[in-house]
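# Working through the structure, step by step
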Amino acid sequence: MAAIARKGTVLTTFVLLVLMAVPVLSAKKYLFKTCDQASFCRRNRAYADLADSRGAAWEPPYAIDPSTVTFDAGVLQGTILKTVTDSTGAPSNVEFPFQLVFLESGSARFVVDEKQRVESPIAGFPESLTQRRYNEASKWAVTGDLTPDIGAVESTTDDERKSAVYRVRYGPDRHFEAIVQAKPLQIRFYRDGEPHVILNDRGLFNMDQYRPKPADMDESKLDDKLDIKDMWEENFGGKEDKKPKGPESIALDVTFPDYEHVFGIPEHADQFSLRETRGGDGNHNEPYRLFNVDIFEYEVNSPMAMYGAIPFMQAHKKGSSVAIFWANGAETWIDITKTKPNPESFGIRKSTQTHWISESGVIDVYILLGPDPSSVYQQYGLLTGFTSLPPIYALGYHQCRWNYNSEEDVLEVDANFDSYGIPYDAIWLDIEYTDGKKYFTWLKSMFPTPEKMMQVLDKRKRKLVTIIDPHIKKESGYKVYEGLSKNELAVKTDNGEEFNGWCWPGESAWIDTFNPKAVEYWKEQFKSGKYCGHENNLLIWNDMNEPSVFNGPEVSAPRDTIHYGNWEHRDIHNIYGMTFINATVQAMQARQPRQRPFVLTRSFFAGSQRLGAVWTGDNAATWDYLRIVTPMLLSHSVAGFSFVGADVGGFFGNPTSELLTRWYQAGAFYPFFRGHAHIESKRREPWLPGEPYTSLIRTAIRMRYQLLPSIYTAFHRASFDGVPIIRPLFLLAPDNEDALGIDDQFFFGETGLLVKPIVQEGATSTEIYLPDEEIYYDYLDQTIYQGIGYKHIEAPLEKIPILARGGHILVRRDRHRRSATLMSHDPLTLVVHLDKTGNAAGVLYLDDGETTAYSRGAYLYRFFIFNVQDNILRSRSMQASSASNRSYEKSIDDVRIEKIIVIGLDTDKLKTNHAVEAFQDRKSWSTDIHITEAADRKASVVTVRDPKIFVTGDWSIQF
């Protein structure tokens, strides 16, 4: 939900004036800072300009002190000295200890802190604040093993040591190498002798050292060019930001030599291949900003900050992928420039130079050297964790709007889905279900018996999702607030009092979920029997957790508010939303310890993928917003957050029936699939547009449910190796550099399906780009396409443009049910799309879809392969046998393979046109087939109906 005044909400006159005019299709840019309005960004950009203007003559004030450098047990460490001058012009050095840690996982980590903030008390430092720089972003983001690789080898030569150059080989088979240069300070990372990542290539490393606030802050006596005054106090939008710790900004430039394309750093409504922010397109001269804000009706094609921040960037070129992760939770800006090709130094492509600038914290950057996209995603997952395996029902369709108004309204919508034969799995309640916007309460006049309502839904195997936000209404008698306040578990002001601001309920406090005691308090609120009775079909939606504060600076919390550990909000701003969903997930796990929780969050940070799903926030019902979804989902996906979606139909406004239909057709392939609408938007449940649109929307949603076995299998893979569900073209065609800028189509999960959503009004055809020489089939009519380049595809309103890449076997469930849970024992259909050599392979993962039993081995994992050499389709187990595995397989031993469809088979090689041989459990039998011969550019289709085989055992079919 956006920051828009709701009926029945009491807000200050100021907030109303700011917000009541919101339903206009553009973000209110004046509410949010530009780089020039953020002094630390402005200073570091000016520093970069100075360096660039001096070129080779640039002498940065930073260098490693060679006498401090040591290497032991996988760690190279020492001290970086910054030369500064005092008011008399006398030089002195500020010490910044560093560590370059080579991890057992194959990644490297570069950490720089500030000595004087760590080692001794600073006279005059505010006692209410932690003196040191915030260094716990990795604590929240990183769950992987940070053990140094004791096998890393220093290979510095004597001549290099004399020149203060240090060389370390590390990683798999020591194929990676880091070369550290003391002066000018620079670190180069090599793979197999080629440079891939360079830290401080341009000499933009910069750390504001601690210094006391000048006694006289008279602007006329300060050097405005240095922004001295803004280092201690700053004003934006009439709101003062006091900076009692003084300047703490950090900056570092990172070069990807010979890489023209970089991706990631969500969340931005912009193209997938990140654009230049300096020296490129004149319309895009702002850095990309990472600062979680409630940005309603965000701009498209913009680097503006949005709801979440993942400071991860991937670079890709033919033959190579690498990445970095900037572990910092403060406001961050990233500039991107492209250099001209330089064959003498790096190669034939442009190189990408990036400049990372954060308001506070330590420099903590991880370097991932690939060598390919899958390796990068696995390396990043080993650091920050992989997507948690969601319950199967979370992958179905979700129906939401602000708001379903009563129990009768909810149950009528639920019944209409059945009446129109449209499956769905969860219905959502926005904040109007509460009593006065007080979470964990119900508006009894409209929801008198919520538990009974949930029981009706549960009989149909459907879930109820309620919204729970972090702002807690400040009201006497409201027990949730009273307990929060009494136990001092809320965010505090800079003088130690409870911070109060304005949000939907009016005056509110914000729970401080950095505090372990606050997390325990939060868990108490969700206890079974206390909230929603003992019902187990409850799911949770965390919104407004950037945090959104209507009367705060940039619609958020003041930066000098205080969190647990005496950290300022500026240090942890981008992490707060993650801590809130973490508390909610823990609460739901405590409520239902055997069940996998489902929680949706709007705000996120690196590592949030471990906790739940995310959506792209408050979009609008226009074609531009539909178009921007695909590049946004791709950006989230490569940055580790696979479980992502967008509001189908657009949150604000009223979509035309054509737009709504096309959005459902696209949304059927979003990892998270939810329709949602604003309170002032017209009702738009799938049956309301009427025919032909209702039938077309029904078809799209049913296709989603058909593909659930393959989607669930893709999520299982993402949960252990990080390969995303929405996959960029370069994941399957890594050597095609012409495809790197294409972001309006994607490969979908384990299916091999290449999806191109229609995002143009009135379009009846489209062009799909084939990134490799593999054979492709139209998924719906088996027309053959082949050859790299664009192919014309007819796409009338009733058709979703989908091509199936040869070589893949996807698994479907073709029987229509009202929800995903009801499909668990339905028979399966295998669709085999043969590649140009006549082979294909695929996998299937199944478990009970809801509990944590899979973590103890209670699952089925099968491998399917069609071999052209003997024309046999085989199924084999991919897991070790265990008691849990055998018990689960026994529970589904009634699940059979209902149909096998083989596309592209040379039917001349079939022994007969009437039957094939099936083998299972040492038995064999013949089963009938149906053949559609190849003709008119359409592939042959061989269909085996009811082969009488079961999914749990090994089997084969001889064609």
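Above: the structure in question.
Attention in this report is confined to the structure presented alongside it.

This next bit is on the sheet that holds strand β26 (residues 471-473). Reading across from one edge, β26-β28-β27 is the order of the 3 strands in this open sheet, with antiparallel pairing throughout. Each edge of the sheet is formed by a strand with only one pairing partner; in this case those strands are β26 and β27 (500-503). Mean inter-strand twist for the sheet, computed between neighbouring axes without regard to direction, equals 55°. In this sheet, strand β28 (residues 506-510) lies alongside β27 in antiparallel orientation, the contact comprising 4 bridges. Looking at the pairing, Asn 500 lines up with Ala 509 of β28.

Direction vectors running N to C along helix α14 (residues 693-706) and helix α15 (residues 708-721) enclose 55°, while the axes themselves pass 5 Å from each other. If you check the angle between α14 and α15, you find them oblique. Across the interface between the two elements, Arg 704, Tyr 705 and Gln 706 of α14 pack against Leu 708, Pro 709 and Ile 711 of α15. In terms of residue class, the contact of α14 with α15 is made up of 4 nonpolar, 1 polar and 1 charged.

Throughout the structure, instances matching the rule amount to 1 disulfide. Counting only cysteine sulfurs, Cys 400 is the nearest neighbor of Cys 503, a cysteine outside any disulfide, at a range of 17 Å. In this structure Cys 503 comes out as buried when scored by relative accessible area, which is 0%. Cys 532 forms no disulfide, and the closest cysteine sulfur to it belongs to Cys 400, at a distance of 15 Å.

Our next topic: the pattern of salt bridges. Tallied over the entire structure, the rule returns 72 salt bridges. For Lys 756, the salt bridge is made with Asp 744, and the minimal N-O distance between the two is 3.7 Å. Taken together, the residues span a long stretch of sequence, with Lys 756 in the loop between β40 (753-755) and β41 (765-770) and Asp 744 in the loop between α16 (729-732) and β39 (746-748) at a distance of 12 residues. When its relative accessible area of 7% is taken as the criterion, Lys 756 is described as buried.

The next point concerns helix α17 (residues 883-891). By the burial criterion, the buried members of α17 are Asn 885, Tyr 888 and Glu 889. Mapping the buried residues of α17 onto a view down its axis gives an arc of 100°, with all of them on the same face. Facing away from the buried side of α17, by more than 90 degrees, are the exposed residues Ala 883 and Lys 890. On the buried face of α17, the contacting elements are β48 (840-847) and β49 (859-867).

Position of Ile 431 among the secondary structure elements: in the loop between β24 (426-429) and α8 (450-459). Residue classification places Ile 431 among the buried residues on the basis of a relative accessible area of 0%. It is 50 Å that separates the C-alpha atoms of Ile 431 and Asp 201, two residues lying 230 residues apart in sequence.

With parallel pairing, 9 strands are arranged side by side in an open sheet as β35-β34-β32-β29-β25-β24-β23-β37-β36. Across the chains shown, the open sheet's two edge strands, defined by having one partner strand only, are β35 (644-645) and β36 (647-648). Where strand β25 (residues 463-467) meets strand β29 (residues 538-542), 4 bridges bridge the pair, whose relative direction is parallel. Its bridge partner being in β29, Thr 466 is matched across the sheet by Ile 540.

Take helix α13 (residues 657-667) next. Since the α-helix turns once every 3.6 residues, residues separated by three or four places project in the same direction. The element α13 is extensively covered by neighbouring structure, given that 10 of its 11 residues are classed as buried. Turning to α13, its buried residues number three or more, namely Glu 658, Leu 659, Leu 660, Thr 661, Arg 662, Trp 663, Tyr 664, Gln 665, Ala 666 and Gly 667.

Attention now goes to the environment of Asp 372. Take Asp 372: it is sitting in the loop between β22 (363-368) and α6 (373-384). As for Asp 372 and Ser 320, which are separated by 52 residues in sequence, their C-alpha atoms are 5.2 Å apart. Among the polar contacts listed, one links the side chain of Asp 372 to the backbone nitrogen of Ser 375, at a separation of 2.8 Å.

Okay, unusual backbone geometry next. That bond from Lys 183 to Pro 184 is cis: its omega, -10°, falls within 30 degrees of zero. Cis geometry marks the peptide bond from Trp 402 to Asn 403; its omega dihedral reads 15°. Take Asn 403: it is sitting in the loop between β23 (397-399) and α7 (407-419). In this structure, Glu 488 takes a positive phi of about 55° despite not being glycine. By the secondary structure assignment, Glu 488 is in the loop between α9 (479-486) and β27. Glu 488 sits in the exposed class, given a relative accessible area of 55%. Here the phi dihedral of Met 544 falls at roughly 60°; this positive angle occurs in a residue that is not glycine. Along the chain, Met 544 turns up in the loop between β29 and β30 (562-563).

Here we take up the side chain of Gln 745. The residue Gln 745 is located in the loop between α16 and β39 in this model. Look at Gln 745 and you get buried, because its relative accessible area is 1%. For Gln 745, the side chain forms a polar contact with the main-chain oxygen of Tyr 769, separated by 2.7 Å. Dropping the residues within four chain positions of it, Gln 745 is found in contact with Thr 630, Leu 634, Leu 729, Leu 754, Val 755, Lys 756, Glu 767, Ile 768 and Tyr 769.

Moving on, we get to the nonpolar core. Ranked by size, the top nonpolar core spans 221 residues in total, and within it Tyr 531, Phe 669, Ile 900 and Phe 959 carry the most contacts. Among the elements that make up this core, the one with the highest residue count is helix α11 (residues 569-591) (10 residues). Ignoring anything within four residues of it in the chain, the contact list for Tyr 531 reads Tyr 433, Phe 440, Trp 442, Thr 466, Ile 468, Gln 525, Phe 526, Leu 538, Ile 540 and Arg 591.

All told, the structure shown has 53 aromatic pairs when counted by the stated rule. Between Trp 428 and Phe 598 the ring centres are 6.2 Å apart and the planes differ by 85°, which places this aromatic pair in the edge-to-face class. Placement of the pair is Trp 428 in strand β24 and Phe 598 in the loop between α11 and β32 (599-601), with a sequence separation of 170 residues. For Trp 428, a relative accessible area of 0% gives the class buried. Phe 598 sits in the buried class, given a relative accessible area of 4%. An aromatic cluster of at least three residues, connected via ring pairs, comprises Tyr 397, Phe 417, Tyr 420, Tyr 424, Tyr 664, Phe 673 and Trp 687. Here Lys 317 stacks its cationic end above the ring of Tyr 259, 4.6 Å away from the centre of that ring. Here Arg 937 stacks its cationic end above the ring of Tyr 785, 5.2 Å away from the centre of that ring.

Let us look at the pairing of strand β45 (residues 802-805). Of the two faces of β45, the one carrying Ile 802 and Ala 804 and the one carrying Leu 803 and Arg 805 are both buried. Strand direction decides the pairing type here: β40 and β45, joined by 3 bridges, are antiparallel. Paired with Leu 753 across the strands is Ala 804, a residue of β45. Of the pairings in the sheet, the one linking strand β42 (residues 775-778) to β45 comprises 3 bridges and is antiparallel in character. Within β45, the residue paired with Tyr 776 across the bridge is Arg 805.

Definitions and cut-offs
- Residues numbered from 1 in each chain as written.
- Predicted model: local features only at pLDDT ≥ 70, side-chain atom pairs only at ≥ 80, totals over all residues.
- Heavy atoms only, no water.
- Pairing = 2+ DSSP bridges.
- Helix = DSSP H or I, 4+ residues; strand = E, 2+ residues; numbered from the N terminus.
- Axes fitted to C-alpha atoms, helices over the stretch in contact; angles between N-to-C directions.
- Parallel < 35°, antiparallel > 145°, perpendicular 65-115°, else oblique.
- Contact = heavy atoms within 4.5 Å.
- Nonpolar A, V, L, I, M, F, W, Y, C, P; charged D, E, K, R; others polar.
- Disulfide = S-S within 2.5 Å.
- Buried < 20%, exposed > 50% of the residue type's maximum accessible area, 1.4 Å probe, protein only.
- Salt bridge = Lys/Arg side-chain N within 4 Å of Asp/Glu carboxyl O.
- Arc of directions from axis to C-beta.
- Polar contact = N/O pair within 3.5 Å; in protein donor to acceptor, adjacent residues only side chain to side chain.
- Core = buried A, V, L, I, M, F, W, Y, C linked by side-chain atoms within 4.5 Å.
- Phe/Tyr/Trp six-rings, centres within 6.5 Å; stacked < 30°, edge-to-face > 60°.
- Lys NZ or Arg CZ within 6 Å of the ring centre and 35° of its normal.

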